[in-house]
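Given next are the chains, with one letter for each unit.
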Amino acid sequence: MAKKVTVNKDLCIGCGLCVGTVPAVFEFGDDGKAQATAGPVTDDAAIDEAVANCPAGAIVVE
Ligand code: SF4
């Protein structure tokens, strides 16, 4: 089953790491912070890596 990915914008510092590494899932919003793109998440390994590497702990997977 596809996971749902969201970014907690209160925590995101806009470093761009997730956008750079998993552009299929993360994009920058108009506020300069990351957000999840529309559509299902299919690459679990890439998401897990993005969660582990986010310096702000802002990526939520459920
Ligand atoms: S890696 Fe984390 S802090 Fe950096 S842009 Fe993505 S969600 Fe924001």
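Structure: above.
*Asks:* Could you clarify how one ought to interpret the overall build of the chain in this entry?
*Replies:* For the chain, the count of helices and strands is two helices and four strands. Written out in order from the N terminus, the α and β elements of the chain read β-α-β-β-α-β. For 62 residues, the compact-globule estimate of 2.2 N^0.38 gives 11 Å, and the chain sits close to it at 10 Å. The principal-axis extent of the C-alpha atoms belonging to the chain is close to 30 × 20 × 20 Å. Across the 62 residues in the chain, those meeting the buried criterion constitute 24%. Taking the intrachain contacts of the chain between residues at least 6 apart in sequence as the baseline, contacts between residues at least 24 apart amount to 59%.

*Asks:* Teacher, can you tell me more about the site of the ligand here?
*Replies:* In the vicinity of the ligand lie 15 residues, with Cys 12, Cys 15, Cys 18, Ala 34 and Cys 54 positioned nearest. In terms of residue count, helix α1 (residues 17-21) provides more of the shell around the ligand than any other element does, three residues in total. Counted by class, the shell around the ligand contains 13 nonpolar, two polar and no charged residues.

*Asks:* What am I meant to see in the nonpolar core here?
*Replies:* Grouped burial of nonpolar side chains is what soluble globular proteins tend to show. Membership of the largest hydrophobic core comes to 14 residues, with the highest contact counts inside it found for Val 7, Cys 18, Val 22, Val 25, Phe 26, Ala 50 and Ile 59. For this core, the secondary structure elements donating two or more residues are β1 (5-7), β3 (34-36) and α2 (44-53).

*Asks:* Can you walk me through the environment of Gly 16 in this structure?
*Replies:* Within the secondary structure, Gly 16 is located in the loop between β1 and α1. In this structure the C-alpha to C-alpha distance between Gly 16 and Phe 28, which are 12 residues apart in sequence, comes to 7.9 Å.

*Asks:* What exactly am I supposed to notice about the environment of Ala 52 here?
*Replies:* Relative to the helices and strands, Ala 52 resides in helix α2. Counting along the chain gives 18 residues from Ala 52 to Ala 34, while the straight-line C-alpha distance between them is 15 Å.

*Asks:* Please clarify how the environment of Ala 24 should be interpreted in this entry.
*Replies:* Here Ala 24 lies in the loop between α1 and β2 (26-28). Ala 24 sits in the exposed class, given 11 other C-beta atoms within 10 Å.

About the cut-offs
- Residues numbered from 1 in each chain as written.
- Predicted model: local features only at pLDDT ≥ 70, side-chain atom pairs only at ≥ 80, totals over all residues.
- Helix = DSSP H or I, 4+ residues; strand = E, 2+ residues; numbered from the N terminus.
- Rg over C-alpha atoms; globule rule 2.2 N^0.38 Å.
- Buried ≥ 20, exposed ≤ 12 C-beta atoms within 10 Å, placed from the backbone.
- Contact = placed C-beta atoms within 7 Å.
- Near = placed C-beta within 6 Å.
- Nonpolar A, V, L, I, M, F, W, Y, C, P; charged D, E, K, R; others polar.
- Core = buried A, V, L, I, M, F, W, Y, C linked by C-beta atoms within 7 Å.

Nothing here speaks to function; it is geometry throughout.
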